[in-house]
Amino acid sequence: MPELKETKGFQYLKGSRFDRFSMENRQRPAIAKIEPFKRYPHAGKIPLPRTWILTEEHLTPLLQHRRSLRKYSTEPPISLEHLAFLLWASQGITGQAGKYLFRAAPSGGALYPVETYISAHSIQGLAAGLYHFDAEHFALDRLTEQDAAEAVATACLDQKFMAQAAVVFLWTGVFRRAMSKYGDRGMRYILLDAGHICQNVLLAAEAVGCGGCPIGAFYDSELNQLLQIDGEEESILYAASVGKKIPPGT
Ligand SMILES: Cc1cc2nc3c(=O)[nH]c(=O)nc-3n(C[C@H](O)[C@H](O)[C@H](O)COP(=O)(O)O)c2cc1C
């Protein structure tokens, strides 16, 4: 491994810095645009309920009690309402201004380059398998018929606890969405967006008696393969397992 300043990561940050000179001479990147929403026209669509019932939750205890949770109660499963709430917290549409649909998590330039997928393991009324979150229609696109719990955990450096979670969130970046506007710097925004989304889900999980663990350790190509994405136009960035907390004293 090279010394800090020779690493690709450092060089990338350096190469994507804004300074007054580069801002004044900035040109639009020669990167073609892409659709703002990913569509799966042939997938079965599962509408998500908007009927989650939450008692009024205060932010302070959610922040105080959030801890990365790696042991989950498998019974009872998470309700579809609570899963819908977590998906809404991730990237649900919460506002509109003209053609812009704003979402629960902020996004550089409101370009929303991050896509949310889930590996459902133990959700009431939802078959196990991989799904894509269709934020525009507040629905899930069913991608596979098979339970992917073990495959996802294996692809995440064999972190077996992930297979015990009720659901694993998988976040990918569709790079053109942000990079066609921001060039190299867009990559920073994509990663920052993913962090916002994940934190929203972790706090929302806390609000419904669940806990989650953010996951950055995975074999990228294995998760990309499971999601049937090419790893170039779109690639996995981040994940989080979420499950019910084990009641104290059990
Ligand atoms: C970017 C990122 C990647 C992480 N990846 C993993 C992971 O792959 N496996 C894991 O068990 N925990 C992972 N974690 C959780 C951290 O270990 C955890 O946040 C840290 O120990 C602090 O504990 P807390 O989250 O309970 O406050 C990750 C956290 C972040 C922010």
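Look up a bit, the structure's there.
Quick summary incoming for the structure in this document. The shown structure was predicted, so the numbers you read here are calculated from the model rather than taken from an experiment. Every chain's residues receive numbers from 1 upward, in the order its sequence appears when written. With the structure being a predicted model, the display of local features is reserved for residues of pLDDT at least 70 and the display and counting of side-chain atom pairs for 80 or more, all residues being used for whole-chain, interface and lining totals. Based on all heavy atoms of the structure, the side-chain values leave hydrogens and waters out of the count.

**Here we look at the pattern of salt bridges**
Next, step 1: The salt bridge criterion pairs a side-chain nitrogen of Lys or Arg with a carboxyl oxygen of Asp or Glu, the two atoms within 4 Å. Going through the model one piece at a time under the given rule, you end up with nine salt bridges.
Next, step 2: Taking the shortest distance from any N to any O, the salt bridge between Arg176 and Glu233 comes out at 2.7 Å. Of the two residues, Arg176 is situated in helix H7 (residues 175–182) and Glu233 in the loop between helix H9 (220–227) and strand E9 (234–244); the sequence distance between them amounts to 57 residues.
Next, step 3: Of the residues examined, Arg176 reaches a relative accessible area of 25% and is grouped as partly exposed.
Next, step 4: A relative accessible area of 32% means that Glu233 is categorised as partly exposed.
Next, step 5: A salt bridge links Glu206 to Lys245; its shortest N-O distance comes to 2.4 Å. Each helix is a run of H or I in the DSSP string that is no shorter than four residues. Each strand is a run of E no shorter than two, and both are numbered from the N terminus. Any residue under 20% of the maximum accessible area for its type is buried, any over 50% is exposed, and the rest in between are partly exposed; the area is computed with a 1.4 Å probe on protein chains only.

**Some remarks on the packing of aromatic side chains**
Next, step 1: Two aromatic rings, drawn from Phe, Tyr or Trp (for Trp, its six-membered ring), form a pair once their centres lie within 6.5 Å of each other, and the interplanar angle then sorts them: stacked below 30 degrees, edge-to-face above 60, tilted otherwise. Enumeration over the complete set of coordinates arrives at six aromatic pairs.
Next, step 2: Consider the rings of Tyr100 and Phe102, whose centres lie 6.4 Å apart with planes at 15°: the pair is stacked.
Next, step 3: For Phe102, a relative accessible area of 33% gives the class partly exposed.
Next, step 4: The interplanar angle of 80° and the centroid separation of 5.9 Å between the aromatic rings of Phe133 and Phe138 together place this pair among those described as edge-to-face.
Next, step 5: Looking at Phe138, the relative accessible area reads 3%, which means it is buried.
Next, step 6: Think of it as a cone above the ring: NZ of Lys or CZ of Arg counts as a charge over the ring if it is within 6 Å of the ring centre and within 35 degrees of the ring normal. The ring of Phe18 has Arg185 sitting right over it, with the charged end atom 3.8 Å from the ring centre.

**Observations concerning the nonpolar core**
Next, step 1: Counting 44 residues, the largest nonpolar core has Leu83, Ile118, Ile123, Leu126, Leu140, Phe169 and Val242 as the members making the most contacts within it.
Next, step 2: Of all the secondary structure elements, the ones that give two or more residues to this core are helix H4 (80–91), strand E4 (114–120), strand E5 (129–134), strand E7 (167–174), H7, helix H8 (184–207) and E9.
Next, step 3: Ranked by residue count, the leading element in this core is H8, at ten residues. Only buried Ala, Val, Leu, Ile, Met, Phe, Trp, Tyr and Cys residues count toward a nonpolar core, and they belong to the same one when joined by side-chain atoms within 4.5 Å.

**Overview of the site of the ligand**
Next, step 1: We call a residue near a molecule or strand whenever a single non-hydrogen atom of that residue lies within 4 Å of it. For the ligand, the full set of nearby residues is Arg66, Arg67, Ser68, Arg70, Gln159, Phe161, Cys213, Pro214, Ile215, Gly216, Ala217 and Tyr238.
Next, step 2: We define a polar contact as two N or O atoms separated by no more than 3.5 Å, with the added condition that, inside protein, one atom must be a possible hydrogen donor and the other a possible acceptor, whereas residues neighbouring each other in sequence contribute only through side-chain atom pairs. The separation between an oxygen atom of the ligand and a polar side-chain atom of Arg70 is 2.7 Å.
Next, step 3: Here Pro214 contributes a backbone N or O atom positioned 3.1 Å from a nitrogen atom of the ligand.
Next, step 4: Computed with a 1.4 Å probe, the accessible areas rest on the Shrake-Rupley method; for each residue, only the protein chains presented here act as cover. Taken by itself the ligand offers 620 Å² of open surface, and the protein chains cover 56% of this.
Next, step 5: Of all the elements, strand E8 (residues 210–215) adds the most residues to the shell around the ligand, at three residues.
Next, step 6: Side-chain classes are defined by residue name, with Ala, Val, Leu, Ile, Met, Phe, Trp, Tyr, Cys and Pro counting as nonpolar, Asp, Glu, Lys and Arg as charged, and the others, Gly among them, as polar. Of the residues contributing to the shell around the ligand, the split by class is six nonpolar, three polar and three charged.

**Some remarks on the sheet that holds E4**
Next, step 1: DSSP-based pairing: two strands are paired if at least 2 bridges between them are found. As summarised here, the arrangement of the seven strands in space is E1-E6-E5-E4-E7-E9-E8, forming an open sheet in which the pairing is antiparallel. Strands at the two margins of the open sheet, each flanked by one partner only, are strand E1 (45–47) and E8. Direction aside, the axes of adjacent strands within the sheet are offset by 30° on average.
Next, step 2: Here a residue-residue contact requires only that any non-hydrogen atoms of the pair lie within 4.5 Å. Axes here refer to lines fitted to C-alpha atoms; in helices the fit is confined to the stretch in contact. Angles between the N-to-C directions go from 0 to 180 degrees. Against the sheet, H8 engages E4, E7, E8 and E9, with an angle of about 10° to E9.

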